[in-house]
Amino acid sequence: MQQNETPLFTGLLEHANKNPIQFHIPGHKKGTGMDPEFRAFIGDNALSIDLINIGPLDDLHHPHGMIKEAQDLAAEAFGADATFFSVQGTSGAIMTMVMAVCSPGDKIIVPRNVHKSVMSAIIFSGATPVFIHPEIDPKLGISHGITPEAVSKALAQHPDAKGVLVINPTYFGISANLEEIVSIAHNYEVPVLVDEAHGVHIHFHDRLPLSAMQAGADMAATSVHKLGGSMTQSSVLNVKEGLVSAKRVQTIISMLTTTSTSYLLLASLDVARKRLATEGYELVEQAVRLAEKTRNQINNISPLYCVGDEIIGTNATYDYDPTKLIVSVHDLGITGYEAEIWLRKEANLEVELSDLYNILCIVTPGDNEETTSALVYALKDMVEAFREAVGSNPKLFAVHVPDIPVLAVSPRDAFYSDTEIVPIEESAGRVIAEFIMVYPPGIPIYIPGEIITEENLQYIEENIEAGLPVQGPEDDELKTLRVIKEYKAIK
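In this text the structure is predicted, and so the values were computed from the model without any measurement.

A.B. asks: I would appreciate a short explanation of the packing of aromatic side chains in the present structure.
C.D. replies: Counting across every chain of the model gives three aromatic pairs. Measuring from centroid to centroid gives 5.5 Å for Phe-78 and Phe-204, while their planes differ by 70°, and the two rings are edge-to-face. Of this pair, Phe-78 sits in helix 4 (residues 66–78) while Phe-204 sits in the loop between strand 6 (192–196) and strand 7 (219–222), and the two are 126 residues apart along the sequence. Since its relative accessible area comes to 4%, Phe-78 is described here as buried. For Arg-112, the ring lying beneath its charged end belongs to Phe-131, and the centroid distance is 4.7 Å. If you follow Lys-139 out to its NZ or CZ, it ends over the ring of Tyr-305, 4.1 Å from the centre.

In structure tokens, the structure reads:
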């Protein structure tokens with residue numbers, strides 16, 4: 001088979017062209033049983049391949065036909081020994097990685113700025129996280145990668161760890177020295193699991209950071225839908241045999257995957273892989289050139305600052321992805337959230353995320369000079385609007401992130417403990433039994449089992465006051481928190 005073939009998509013088209021009479025789900029049966037307005041919008045072509053795992057179409061849970069062929073081609077394209085398609089997004093693939101190596105009580109070394117799916121997997125598996133402090137950028141107020149030195153120190157203290165999880169690249173496009181981290185972990189015969197949610201494209205261009213498979217990692221959960229051209233919720237899990245078993249991975253991912261798998265999502269992975277493998281270099285080159293031009297234009301809009309390759313130079317910022325435009329609005333005296341809202345309301349423009357200090361915009365092969373010019377003009381207008389509103393004395397925000405709280409109880413034990421609800425202002429010193437995170441990007445401020453501190457409560461309040469999306473607790477107004485119940489001595 002060749003990389004320009006699409007066995008899954010082609011097989012679906014051939015099946016649809018036969019136009020069989022369907023007495024199986026989905027019940028809309030090629031759209032004829034669906035709301036007419038929705039059908040007209042989606043289109044009969046898409047609905048004709050919204051199918052289920054009948055015999056001719058293979059089965060994601062036990063692939064042996066067209067899905068297996070598509071996954072084998074993806075493995076070849078990504079340099080993996082095995083690739084598994086995920087219709088549960090990269091979150092499902094990340095949970096599979098953790099649960100494939102960890103059993104109850106096992107340790108796993110993770111950076112604090114992990115996605116919430118990692119912590120969900122830790123609760124499901126019963127593992128205990130050993131946190132590494134990621135390097136904090138004092139100017140941007142964001143977390144970067146973890147250093148090889150930190151990984152080496154963690155493994156020296158915890159040589160019985162069952163895995164090291166690395167984010168490569170981070171949400172903001174920053175990479176650590178993954179190849180060295182892999183070498184250190186493999187010296188302990190510990191597998192390296194990579195959250196590659198924001199790096200599907202880096203494998204296909206030599207000006208970008210090394211991909212997980214290129215660096216020798218054992219598993220990588222890779223979002224094809226984010227930057228690779230497939231449909232939302234479709235991702236892949238790449239595996240190298242040795243320290244992990246592909247058969248074990250197949251078992252775990254099947255446990256976490258719906259039996260009603262979407263063939264639209266699977267087909268989009270098949271065609272996205274083909275395009276990346278056959279045209280990836282040219283497509284990424286186009287996006288990189290466009291992003292670099294846009295970055296230069298943004299840096300001419302004072303006082304905005306768009307991060308470039310000057311950020312490279314430490315072990316935590318070993319490399320970066322120039323298609324990510326990190327735009328600091330700190331010196332304008334506004335929050336990233338205020339910038340996001342202004343751009344939405346005044347310029348009909350949506351950014352990827354905002355935080356207290358920055359907005360993040362991504363440039364992909366789906367962009368062109370027209371879209372990036374619209375961004376530049378909108379940012380110019382935004383600066384003028386806020387200069388007029390803020391005046392000569394802009395409010396400048398202190399750049400900081402909270403300390404990692406002390407883990408007093410394993411996340412699983414805390415999650416399933418007897419609990420009670422307390423007012424948030426009375427919660428300091430208690431052990432939390434739920435998550436608190438800012439999403440996106442989904443990095444936890446608290447995970448179940450950690451001791452609540454006044455400092456981190458203040459950090460939560462700062463994010464709420466700035467309008468940022470603090471999520472996790474059952475009380476979405478964040479007036480109360482669920483904590484482990486305390487039993488007083490009987491007098």
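A.B. asks: Just checking my understanding: could you explain a nonpolar patch on the surface for this structure?
C.D. replies: On the surface, Phe-38, Phe-41 and Ile-42 cluster together into a nonpolar patch covering about 340 Å² of accessible area. Looking at the element boundaries, Ile-42 is found in helix 2 (residues 36–42). Here Ile-42 falls in the partly exposed class, since its relative accessible area comes to 35%.

A.B. asks: Hey, could you run me through helix 5 (residues 89–101) in this one?
C.D. replies: Residues spaced three or four apart along an α-helix point in a common direction, a consequence of the helix completing one turn every 3.6 residues. Taken across its 13 residues, helix 5 has 12 buried, putting it largely inside the fold. Turning to helix 5, its buried residues number three or more, namely Gly-89, Thr-90, Gly-92, Ala-93, Ile-94, Met-95, Thr-96, Met-97, Val-98, Met-99, Ala-100 and Val-101.

A.B. asks: Looking at this structure, how should I read helix 13 (residues 369–390)?
C.D. replies: Across its 22 residues, helix 13 extends 31 Å between first and last C-alpha, which sits within 8% of the 32 Å expected from 1.5 Å per residue. The set of residues buried in helix 13 consists of Thr-372, Leu-375, Val-376, Ala-378, Leu-379, Met-382, Val-383 and Phe-386. All buried residues of helix 13 lie within an arc of 165° about the axis, which places them on one face of the element. Of the exposed residues in helix 13, the ones pointing more than 90 degrees away from its buried face are Glu-370, Tyr-377 and Glu-388. Of the residues that open helix 13, the one with a side-chain oxygen 2.9 Å from the backbone nitrogen of Glu-370 is Asn-368.

A.B. asks: Whenever I open this one, the sheet that holds strand 15 (residues 436–438) confuses me. Can you help?
C.D. replies: Through backbone hydrogen bonds, the strands of a sheet pair up, either in parallel or in antiparallel fashion. Read across the sheet, three strands follow the order 16-15-17 without closing on themselves; strand pairing throughout is antiparallel. With one partner strand each, in any of the chains shown, strand 16 (443–446) and strand 17 (470–471) form the two edges of the open sheet. Docked against the sheet, helix 15 (residues 454–465) engages strand 15, strand 16 and strand 17, running at close to 130° with respect to strand 16.

A.B. asks: Help me understand the side chain of Ser-410, please; the structure alone is not making it clear to me.
C.D. replies: Relative to the elements of secondary structure, Ser-410 occurs in the loop between helix 13 and helix 14 (411–415). Assessed through its relative accessible area of 17%, Ser-410 is described here as buried. When near neighbours in sequence (up to four residues on either side) are disregarded, Ser-410 contacts Thr-128 and Pro-448.

A.B. asks: Hey, could you run me through the nonpolar core in this one?
C.D. replies: Here is a general trend for soluble globular proteins: nonpolar side chains tend to be buried in one another's company. By size, the foremost hydrophobic cluster in this structure holds 36 residues, and its most contacted members are Phe-84, Ile-108, Met-219, Leu-237 and Val-239. At the level of elements, strand 1 (82–86), helix 5, strand 2 (107–111), helix 6 (116–125), strand 4 (164–167), strand 7, strand 8 (235–239) and helix 10 (246–256) are the ones that each hand at least two residues to this core. Top contributing element to this core by residue count: helix 5, with eight residues. If you look at the next biggest cluster of nonpolar residues, it comprises 27 residues, including Ile-49, Met-66, Leu-265 and Ala-272.

A.B. asks: Mind showing me how you'd approach the sheet that holds strand 13 (residues 358–362) here?
C.D. replies: The four strands lie next to each other as 9-11-13-12, forming an open sheet whose pairing is antiparallel. Edge positions in the sheet fall to strand 9 (305–306) and strand 12 (353–354), since each of these pairs with one other strand and no more. Sheet analysis places strand 9 next to strand 11 (residues 324–328), joined by two bridges and oriented antiparallel. Bridge pairing links Cys-306 to Val-327 in strand 11. Along the sheet face, helix 11 (residues 263–298) touches strand 9 and strand 11 and points at about 10° away from the line of strand 11.

A.B. asks: Would you mind going over the environment of Ala-408 with me for this structure?
C.D. replies: On the secondary structure map, Ala-408 appears in the loop between helix 13 and helix 14. Ala-408 sits in the partly exposed class, given a relative accessible area of 46%. A C-alpha to C-alpha distance of 9.9 Å links Ala-408 and Arg-430, two positions 22 residues apart in sequence. Ala-408 has contacts with Val-431, Gly-449, Glu-450 and Ile-451, leaving out every residue within four places of it along the chain.

A.B. asks: It is not clear to me how the pattern of salt bridges should be interpreted in this structure. Could you clarify?
C.D. replies: Pairing between side chains becomes possible if they bear opposite charge and their charged atoms approach one another. Enumeration according to the criterion identifies 17 salt bridges in this entry. Close ionic contact of Lys-107 with Asp-160 constitutes a salt bridge, the shortest N to O distance being 3.4 Å. Taken together, the residues span a long stretch of sequence, with Lys-107 in strand 2 and Asp-160 in the loop between helix 7 (148–157) and strand 4 at a distance of 53 residues. Its relative accessible area of 25% is what places Lys-107 among the partly exposed residues. Using a relative accessible area of 44% as the deciding quantity, one classes Asp-160 as partly exposed.

A.B. asks: Help me understand the packing of helix 7 against helix 8 (residues 178–187) in this model?
C.D. replies: When two helices pack together, their arrangement is captured by the angle between the axes and the distance separating the axes. Running from N to C, helix 7 and helix 8 cross one another at 15°; their axes reach a closest spacing of 9 Å. Here helix 7 is positioned roughly parallel relative to helix 8, judged by the angle of their axes. The handedness of the crossing between helix 7 and helix 8 is right-handed. Every residue of helix 8 that contacts helix 7 at Pro-148, Val-151, Ser-152 and Leu-155 is listed here: Glu-180, Ile-181, Ile-184 and Ala-185. Tallied by class, the residues present in the contact of helix 7 with helix 8 amount to six nonpolar, one polar and one charged.

A.B. asks: Would you take a moment to explain the side chain of Ser-175 for this structure?
C.D. replies: Following the sequence through the fold, Ser-175 ends up in strand 5 (residues 174–175). For Ser-175, the side chain forms a polar contact with the side chain of Asn-168, separated by 3.2 Å. When sequence neighbours within four positions are dropped, the list of residues in contact with Ser-175 reads Asn-168, Pro-169, Pro-209, Ala-316, Thr-317, Tyr-318 and Asp-319.

A.B. asks: Quick question: what am I supposed to make of unusual backbone geometry here?
C.D. replies: Excluding glycine, residues mostly have negative phi values, and the peptide bonds linking residues are mostly trans. Here the amide bond leading from Asn-168 into Pro-169 is cis, since omega sits at -10°, within 30 degrees of zero. Geometrically, the link from Ser-302 to Pro-303 is a cis peptide bond, its omega value of 5° lying close to zero. Mapped onto the elements of the fold, Pro-303 is located in the loop between helix 11 and strand 9. With a phi close to 60°, Glu-189 is a non-glycine residue in the positive phi region. Mapping Glu-189 onto the fold places it in the loop between helix 8 and strand 6. According to the relative accessible area criterion, Glu-189 is exposed, its value standing at 63%. Its identity as a non-glycine residue notwithstanding, Asn-348 has a phi of 55°, on the positive side.

Thresholds, definitions, all that
- Residues numbered from 1 in each chain as written.
- Predicted model: local features only at pLDDT ≥ 70, side-chain atom pairs only at ≥ 80, totals over all residues.
- Heavy atoms only, no water.
- Phe/Tyr/Trp six-rings, centres within 6.5 Å; stacked < 30°, edge-to-face > 60°.
- Helix = DSSP H or I, 4+ residues; strand = E, 2+ residues; numbered from the N terminus.
- Buried < 20%, exposed > 50% of the residue type's maximum accessible area, 1.4 Å probe, protein only.
- Lys NZ or Arg CZ within 6 Å of the ring centre and 35° of its normal.
- Patch = residues over 30% accessible without salt bridge, like charges linked within 9 Å, V, L, I, M, F, W, Y side chains within 5 Å.
- Areas by Shrake-Rupley, 256 points an atom, 1.4 Å probe, with all protein chains shown as cover.
- Salt bridge = Lys/Arg side-chain N within 4 Å of Asp/Glu carboxyl O.
- Expected span 1.5 Å × (residues − 1).
- Arc of directions from axis to C-beta.
- Polar contact = N/O pair within 3.5 Å; in protein donor to acceptor, adjacent residues only side chain to side chain.
- Pairing = 2+ DSSP bridges.
- Contact = heavy atoms within 4.5 Å.
- Axes fitted to C-alpha atoms, helices over the stretch in contact; angles between N-to-C directions.
- Core = buried A, V, L, I, M, F, W, Y, C linked by side-chain atoms within 4.5 Å.
- Parallel < 35°, antiparallel > 145°, perpendicular 65-115°, else oblique.
- Left-handed = near helix turned anticlockwise from the far one by under 90°.
- Nonpolar A, V, L, I, M, F, W, Y, C, P; charged D, E, K, R; others polar.

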